[in-house]
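Descriptive structure summary
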Amino acid sequence: MAPKILVITNNLNEQVSLLLLLTAAQYLPTCCDGLPSALTALQASTFDVIITDAIIYDTPPQKMAAVEFASLLKEIPQNSQTPVLVMGDMISLQHIMNTLQSGIARFIPKPYTSADFLDTLAAELRIAEPHCR
């Protein structure tokens, strides 16, 4: 069965682009535009990987950092072990290191190429495979 990927981004162009890219690569993507829809999806289904923006939008004007989201994810039993990949601007090496040390599996710097994005995703799925349900 194709891996199920949850994508969380409030950028509609990025949602469409990733939906097309992931579908063409034989993944089963679900796109969400913010925290409420992501939490609904996480309660309803199990995912193999979660890909999110560095900042996740909640009910405006609220925002949540992906690091906080990763902590919240631990409270959702069926997805508590799901690896989280963060897409974001490369602010600094220290920022990326802090993100990774917080439990985020990988940081995907923007802008990225489709090939690099898919390679990163495939590498994470290979690592997570022994833990997949």
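See the structure above.
What comes next is a walk through the structure. (Residues numbered from 1 in each chain as written. Predicted model: local features only at pLDDT ≥ 70, side-chain atom pairs only at ≥ 80, totals over all residues. Heavy atoms only, no water.)

A large share of strand E3 (residues 49–53) lies buried, amounting to 5 of its 5 residues. Here E3 shows a buried face lined by Val49, Ile51 and Asp53 and a second buried face lined by Ile50 and Thr52. Inspection of the sheet shows strand E1 (residues 4–8) paired to E3 by 4 bridges, in the parallel sense. Across the sheet, Val7 pairs through a bridge with Ile51, a residue of E3. (Buried < 20%, exposed > 50% of the residue type's maximum accessible area, 1.4 Å probe, protein only. Helix = DSSP H or I, 4+ residues; strand = E, 2+ residues; numbered from the N terminus. Pairing = 2+ DSSP bridges.)

With respect to the helices, strands and loops of the structure, Val16 is situated in helix H1 (residues 12–24). Sequence separation between Val16 and Cys31 is 15 residues, and the spatial gap between their C-alpha atoms is 8.5 Å.

A few words now on the packing of H1 against helix H5 (residues 114–128). Two elements in contact, H1 and H5, have axes separated by 11 Å at closest approach and are oriented at 60°. Taken as a pair, H1 and H5 cross one another with a handedness that is right-handed. Contact with H1, carried on its side by Leu18, Leu21 and Leu22, involves Ser114, Phe117, Leu118 and Leu121 of H5 and no other residues of that element. (Axes fitted to C-alpha atoms, helices over the stretch in contact; angles between N-to-C directions. Left-handed = near helix turned anticlockwise from the far one by under 90°. Contact = heavy atoms within 4.5 Å.)

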